[in-house]
Amino acid sequence: MMQIFGQQALIAIVLHLLFIALTWWALQGIHFEHLMKKGKVAQTRVLLILLTIAIGSSVSRFFLDYLGYSNSLTYLFK
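Residues numbered from 1 in each chain as written. Predicted model: local features only at pLDDT ≥ 70, side-chain atom pairs only at ≥ 80, totals over all residues. Heavy atoms only, no water.

As a further point, take the overall build of the chain. Check the secondary structure of the chain and you find two helices and zero strands. What you see for the chain is a C-alpha radius of gyration of 18 Å, clearly larger than the 12 Å of a compact globule of 78 residues, by over 25%. In terms of overall dimensions, the chain has a C-alpha envelope of 60 × 25 × 15 Å along the principal axes. Taking all 78 residues of the chain together, the buried fraction comes to 15%. Sequence separation of at least 24 residues holds for 78% of the intrachain contacts in the chain that already meet a minimum separation of 6. Counting every atom, the chain has about 6,700 Å² of accessible surface; 73% of that belongs to carbon and sulfur. (Helix = DSSP H or I, 4+ residues; strand = E, 2+ residues; numbered from the N terminus. Rg over C-alpha atoms; globule rule 2.2 N^0.38 Å. Buried < 20%, exposed > 50% of the residue type's maximum accessible area, 1.4 Å probe, protein only. Contact = heavy atoms within 4.5 Å. Areas by Shrake-Rupley, 256 points an atom, 1.4 Å probe, with all protein chains shown as cover.)

Position of Thr23 relative to the elements: it lies in helix 1 (residues 2–27). Beyond its immediate stretch of four places on either side in the chain, Thr23 contacts Thr52, Ile55 and Gly56.

The next thing to look at is the packing of aromatic side chains. Considering all chains together, one arrives at three aromatic pairs under this definition. Centroid distance Phe19 to Phe63: 5.1 Å. Interplanar angle 10°. Geometry classified as stacked. One end of the pair, Phe19, is in helix 1; the other, Phe63, is in helix 2 (residues 41–72), with 44 residues separating them in the sequence. With centroids separated by 5.4 Å and ring planes inclined at 80°, the aromatic side chains of Phe62 and Phe63 adopt a geometry described as edge-to-face. The class of Phe63 is partly exposed, set by a relative accessible area of 40%. Among the aromatic residues, those joined into a ring-pair cluster are Phe19, Phe62, Phe63 and Tyr66. (Phe/Tyr/Trp six-rings, centres within 6.5 Å; stacked < 30°, edge-to-face > 60°.)

Here we come to the layout of surface pockets. Empty space within the largest pocket amounts to approximately 380 Å³. Lining of the largest pocket is provided by 13 residues; of these, Ile4, Gln8, Leu67, Gly68 and Asn71 occupy positions nearest its centre. Secondary-structure elements contributing two or more residues to the lining of the largest pocket are helix 1 and helix 2. No other element matches the six residues that helix 2 contributes to the lining of the largest pocket. When its volume is computed, the second largest pocket comes out at roughly 230 Å³. Across the lining of the second largest pocket, the residue classes tally to six nonpolar, three polar and five charged. (1 Å grid on protein atoms, 1.4 Å probe; cavity = no way out; pocket = protein on both sides within 12 Å on 5 of 7 lines; lining within 4 Å. Points joined across faces, edges and corners; volume = space filled by probe spheres on them. Nonpolar A, V, L, I, M, F, W, Y, C, P; charged D, E, K, R; others polar.)

It is worth spelling out a nonpolar patch on the surface at this point. On the surface, a nonpolar cluster with roughly 500 Å² of combined accessible area is contributed by Met1, Met2, Ile4 and Phe5. Secondary-structure assignment places Ile4 in helix 1. The partly exposed category is assigned to Ile4, whose relative accessible area is 43%. (Patch = residues over 30% accessible without salt bridge, like charges linked within 9 Å, V, L, I, M, F, W, Y side chains within 5 Å. Salt bridge = Lys/Arg side-chain N within 4 Å of Asp/Glu carboxyl O.)

Here it is in structure tokens:
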């Protein structure tokens, strides 16, 4: 039982990091510099990092929830 929790934790960590990295890569295609004030490079970078974490974590959570729900469907037919 404890091994299952460990496996789920590992899958969650890997998925979170994967989707955060994927989101970072995708957001690099947007020129945020044009939207921000001149000389506010640090604020722009922090905003980009926070946006990346928020989007990546949300997408990862969606996939983890979907995986959990699909695994729970087996109880419907028992």
